[in-house]
Amino acid sequence: MKKKVCSLLLTTVLALSSTISAFACTGTIIGKNMSEDGTTLVARTEDIGGGHTKRYLVQPAMQYAQGAVFKDKNTGFTYPQPANAYKYTYVPDADVEGDGIYGEIGFNEFGVYVDATISAYPNEQAENADPFVEDGFREANMVSILLPRVKTAREGVELVASIVEEKGAAEGNILVIGDSNEVWYIEIYTGHRYAAIKVPDDACMVFPNCFMLGEVNLEDKENVMASEDLITFAQENGFYKEHNGTFHAALSYAEELSEGNRQRLWGGQNFLAPSKNISYNTEVFDLFMTPDDKVSLQDVMELQKYRYEGTEYDANLAKNTEVREIGTERQAECHILQIKPEYPAELGGIMWLAMGNAEHSVYLPTYGNIIDTHQAYKSSSLNYSPDCAYWIFRSVATLAELDREKFGASVREYWTQYQQNLIDNQQKVDQKVLELYAQSPQQAAQYTTKQGIAIAEDAIQKAKIIYEELMTYVAAEGGRPNKEAFVPSVAK
């Protein structure tokens, strides 16, 4: 009975907190020349909702009979299954029977990763000229289609291009496909128009739910893949636009920049380059920027929690309830891929995954070659469950954000130190993994799987303790308010 009452209270709190921010996501790419340690960082927040259960799974390699097809039961989209489908990791919805799989992020056995997606929208003229296709390619299926089929990032981009050209897109999207050699940023504008660029090693990018590509050099086949008529189609249909005398893809195809997107663009660029004093009213934000300093993994973690603290748009202030922060309570999961140059290509990289919203959750590392995940990551419970990783971490964050200073400050501080310890230990773990990989990739996979499950188990047990103590603390506030701010016992 006691657990049931706590569960009902948490569900009510979640429902209230989920109404604060708009439905959207924020992506980040830090090229290896712009990162502090020479690694490539690819990150995204999945801001679909505060009570939206996510899982973390491994899809084994499979063989399909001739004629087998992948089918989206919601839209009717179909695509031929490969004879040999590759193993991959992914972070799907629990309710796949609802709107689809939404695998979102993962590595396959060749080290290719897909981060899908950030929704974005065309302007009315562009969409009318090239309407979306009802049974076309959509976000829910991208990871499930791409990762089992491609051995390189370039192959992945080529597959996206062929599907959009032949079957059409059901919605506007931005996605990232990469491997150990390159990273590709892709914008799908309308039913059959798209553009992709190979991201420079000195790139630094923060992109919310809006198209950002400017110049697209259709002659540069090495670094650009795009619809052959991307420019002429815009000209012929009256929505062609230039910036500084050159065709600008986003200005031509995208809807007008919303306030929510402007706030995240301004916030993200100022977070990384405060000395530049980037104007909130900037007419056209560049996709690429130069940070004040080399960007660390920890910086990206903090960026995904950022609520514009200390600025006039501080989302924690009562006057700014309409501000669209990056660190929104609607984050269902947040992830950062760390691609290290010393890793063998097939190892992929490390995914730092935070279930629930990042502000009061913790980023836990797993390698791209794992063959299993912790049992709690597999739970499909759509309601609060103490056996589900999503709800275990989400429940702590939900309570912490009822009062960020009194309830949440020590929780955030504890998890920050916890993940710092993991980061500090990563070099030692890397050395062991690389030694094992040189002897046997299978042994390395067994080791990284065991390591990932052990880390998750420890963090889950810590989170359960924090939740029990914080729930008791919050309940006591209803009678006689606690004199001292909450501090979990695991932090003492």
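(A) Local environment of the overall build of the protein. Helices and strands together make up the secondary structure of the protein, namely 11 helices and 20 strands. Compactness check: the protein gives a C-alpha radius of gyration of 22 Å against a globular reference of 23 Å for 492 residues, within 12% of the reference. When the 492 residues of the protein are sorted by exposure, 59% land in the buried category. Once local pairs closer than 6 in sequence are excluded, the contacts in the protein between residues at least 24 apart make up 69%. Split by element, the accessible area of the protein, about 20200 Å² in all, is 49% carbon and sulfur. Averaged over its 42 positive side-chain charges, the protein has a centre that lies 8 Å from the centre of its 70 negative ones.

(B) Main features of helix α3 (residues 139–146). Burial runs high along α3: eight of the eight residues are buried. Glu139, Ala140, Asn141, Met142, Val143, Ser144, Ile145 and Leu146 are the residues of α3 that are buried.

(C) Main features of the pattern of salt bridges. Applying the stated rule across the entire model yields 26 salt bridges. Two residues, Asp430 and Lys340, come together in a salt bridge whose shortest N-O distance is 2.6 Å. Note that Asp430 is positioned in helix α10 (residues 404–439) and Lys340 in the loop between β18 (333–339) and β19 (350–355), a separation of 90 residues in sequence. Exposure remark for Lys340: the relative accessible area of 10% places this residue in the buried category. What you see here is one network of salt bridges that share partners, running through Glu302, Lys305, Arg307, Glu325, Glu329, Glu359, Arg404 and Arg412.

(D) The environment of Leu213, seen in detail. As for its position among the elements, Leu213 is in the loop between β14 (204–207) and β15 (224–226). Distance in space between the C-alpha atoms of Leu213 and Phe77 is 28 Å, their sequence separation being 136 residues. What Leu213 contacts, discounting residues up to four positions off in sequence, is Tyr185, Glu187, Tyr189, Ala195, Ile197, His248, Ala249, Ala250 and Leu287.

(E) Looking closely at the nonpolar core. Counting residues in each nonpolar core, the largest one holds 122 residues, and the members touching the most others are Tyr185 and Trp415. Ignoring any residue separated from it by four or fewer positions in sequence, one finds Trp415 in contact with His360, Ser361, Val362, Phe393, Val396, Ala459, Lys462, Ala463 and Ile466. Counting 32 residues, the second largest nonpolar core, distinct from the first, contains Val157, Ile163, Val164 and Met225.

(F) Focus on the packing of helix α9 (residues 389–400) against helix α11 (residues 441–476). Interaxial distance between α9 and α11 falls to 9 Å at its minimum, and their mutual angle equals 40 degrees. Every pair of crossing elements has a handedness; the one defined by α9 and α11 is left-handed. Within the contact between the two elements, α9 uses Ala389, Ile392, Phe393, Ser395, Val396, Leu399 and Ala400 and α11 uses Ala459, Ile460, Ala463, Lys464, Ile466, Tyr467, Leu470 and Met471. For the contact of α9 with α11, a count of residues per class yields 13 nonpolar, one polar and one charged.

(G) View of the sheet that holds strand β11 (residues 173–178). Taken together, the six strands give an open sheet; going across it, the order is β9-β10-β11-β12-β13-β15, and neighbouring strands pair in antiparallel fashion. Two strands lie at the open edges of the sheet, namely β9 (105–107) and β15, each paired on one side alone. Averaged over all neighbouring strand pairs, the angle between strand axes comes to 15 degrees, with direction disregarded. Here five bridges tie strand β12 (residues 183–188) to strand β13 (residues 194–198), and the two strands are oriented antiparallel to one another.

(H) Quick look at the side chain of Arg264. Relative to the assigned elements, Arg264 resides in helix α7 (residues 259–272). Buried and unpaired, Arg264 has no salt bridge, with Asp47 as the nearest side chain of opposite charge at 4.7 Å. Beyond its immediate stretch of four places on either side in the chain, Arg264 contacts Ala24, Cys25, Thr26, Val206, Pro208, Asn209, Tyr308, Arg324, Glu325 and Ile326.

(I) Expanded view of the pairing of strand β2 (residues 40–47). Of all eight residues in β2, eight are buried, a share of seventy percent or more. Burial along β2 is two-sided: the residues Thr40, Val42, Arg44 and Glu46 and Leu41, Ala43, Thr45 and Asp47 are all buried. Strand direction decides the pairing type here: strand β1 (residues 24–30) and β2, joined by seven bridges, are antiparallel. Across the sheet, residue Thr26 finds its bridge partner in β2, namely Thr45.

(J) Just the sheet that holds β19, in detail. Strand order in the open sheet made by the six strands is β14-β1-β2-β18-β19-β20, with antiparallel pairing throughout. The open sheet has two free edges, formed respectively by β14 and β20 (364–367), since each of these has just one partner strand. Pairs of neighbouring strands in the sheet enclose a mean axial angle of 15 degrees, with direction left out of account. By the bridge criterion, seven bridges tie β2 to β18 in an arrangement that is antiparallel. Counted as the bridge partner of Thr40 is Ile339 from β18. Where α10 meets the sheet, it contacts β19 and β20, and its direction lies at approximately 20 degrees from that of β20.

(K) How the structure looks around the pairing of β14. What you see with β14 is no split at all: Cys204 and Val206 on one side and Met205 and Phe207 on the other are buried throughout. With four bridges joining them, β1 and β14 adopt antiparallel strand pairing. Paired with Thr28 across the strands is Val206, a residue of β14.

(L) Seen up close, a negative patch on the surface. Taken together, the side chains of Glu36, Asp37, Asp293 and Glu342 define an acidic patch exposed on the protein surface. Mapped onto the fold, Asp37 is located in the loop between β1 and β2.

(M) Broad picture of the confidence of the model for the protein. Mean pLDDT for the protein: 95, with 95% of residues reaching 70 or above. Note on residues 1–22: pLDDT is under 50 here. Beyond four places in sequence and across chains, it has 31 contacts.

Parameters and conventions
Residues numbered from 1 in each chain as written. Predicted model: local features only at pLDDT ≥ 70, side-chain atom pairs only at ≥ 80, totals over all residues. Heavy atoms only, no water. Helix = DSSP H or I, 4+ residues; strand = E, 2+ residues; numbered from the N terminus. Rg over C-alpha atoms; globule rule 2.2 N^0.38 Å. Buried < 20%, exposed > 50% of the residue type's maximum accessible area, 1.4 Å probe, protein only. Contact = heavy atoms within 4.5 Å. Areas by Shrake-Rupley, 256 points an atom, 1.4 Å probe, with all protein chains shown as cover. Lys, Arg positive; Asp, Glu negative; His and termini not counted. Charge placed at Lys NZ, Arg CZ, Asp CG, Glu CD. Salt bridge = Lys/Arg side-chain N within 4 Å of Asp/Glu carboxyl O. Core = buried A, V, L, I, M, F, W, Y, C linked by side-chain atoms within 4.5 Å. Axes fitted to C-alpha atoms, helices over the stretch in contact; angles between N-to-C directions. Left-handed = near helix turned anticlockwise from the far one by under 90°. Nonpolar A, V, L, I, M, F, W, Y, C, P; charged D, E, K, R; others polar. Pairing = 2+ DSSP bridges. Patch = residues over 30% accessible without salt bridge, like charges linked within 9 Å, V, L, I, M, F, W, Y side chains within 5 Å. pLDDT = per-residue confidence, 0-100.

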